[in-house]
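# Structural overview
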Amino acid sequence: MTYQLGNLIASLNLPIQQRLAASHGYPFALAATIVPVLIVVVLVTAAGKENTGIAFGGQGPEQAPSGAPQAAPVPVAPAADTG
């Protein structure tokens, strides 16, 4: 769902840039479409919670922070004997 919404929002970018470029010039149109996205990314990143100590694939600390889903351990095959 998020992917489709992202594509919907991104599809509006070109017509907005074209209209702004026709009336104000291309550098302004580019800045006017990039700056709001940059601001939103900074705000979302700042509001997010850092999950320190979490490793993808179940490797790492055994204890996940409260409320975080616990990853299943990933089996590791023994190394082949090359000798």
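A quick note: this is a predicted structure, and the numbers were derived from the prediction, not measured.

Next up on the list: the overall build of the protein. Within the protein one finds three helices and zero strands. Out of the 83 residues belonging to the protein, those deemed buried represent 5%. Put simply, the protein shows about 7,200 Å² of open surface, and 69% of that area lies on carbon and sulfur atoms.

Moving on to the packing of helix α2 (residues 13-24) against helix α3 (residues 26-47). Closest axis-to-axis distance for the α2/α3 pair is 7 Å, and the angle between their directions is 140°. Relative to α3, the element α2 lies oblique. Here α2 runs over α3; the crossing is right-handed. Listed contacts from α3 to Asn13, Ile16, Gln17, Leu20, Ala21 and His24 of α2 are Tyr26, Phe28, Ala29, Leu30, Ala32 and Thr33. Of the residues assigned to the contact of α2 with α3, the class counts are eight nonpolar, four polar and no charged.

Between helix α1 (residues 2-11) and α2, the shortest axis-to-axis distance is 5 Å and the interhelical angle comes to 20°. As summarised for this structure, α1 and α2 are arranged roughly parallel, according to the angle between their axes. In this structure, α1 contributes Ile9, Ala10 and Ser11 to the contact, and α2 contributes Asn13, Leu14 and Pro15. Its residues assigned to classes, the contact of α1 with α2 comprises four nonpolar, two polar and no charged.

Right, let's get into the environment of Thr33. Residue placement: Thr33 occurs in helix α3. Judged by its relative accessible area of 13%, Thr33 falls in the buried class. Distance from Thr33 to Asn13, taken between C-alpha atoms, is 7.2 Å for residues 20 residues apart in sequence. The contact partners of Thr33, leaving out residues within four places of it in the chain, are Asn13, Ile16 and Gln17.

Between its first and last C-alpha atoms α2 spans 16 Å; for 12 residues at 1.5 Å apiece the expected length is 16 Å, and the two agree. Counting buried residues in α2 gives one out of 12 residues, a small share hidden from the surface.

Chain-level statistics for the protein give a pLDDT mean of 81 and a share of 73% at 70 or above. Mean pLDDT values over the elements of the protein span from 89, in α1, up to 93, in α2.

Rules of the game
- Residues numbered from 1 in each chain as written.
- Predicted model: local features only at pLDDT ≥ 70, side-chain atom pairs only at ≥ 80, totals over all residues.
- Heavy atoms only, no water.
- Helix = DSSP H or I, 4+ residues; strand = E, 2+ residues; numbered from the N terminus.
- Buried < 20%, exposed > 50% of the residue type's maximum accessible area, 1.4 Å probe, protein only.
- Areas by Shrake-Rupley, 256 points an atom, 1.4 Å probe, with all protein chains shown as cover.
- Axes fitted to C-alpha atoms, helices over the stretch in contact; angles between N-to-C directions.
- Parallel < 35°, antiparallel > 145°, perpendicular 65-115°, else oblique.
- Left-handed = near helix turned anticlockwise from the far one by under 90°.
- Contact = heavy atoms within 4.5 Å.
- Nonpolar A, V, L, I, M, F, W, Y, C, P; charged D, E, K, R; others polar.
- Expected span 1.5 Å × (residues − 1).
- pLDDT = per-residue confidence, 0-100.

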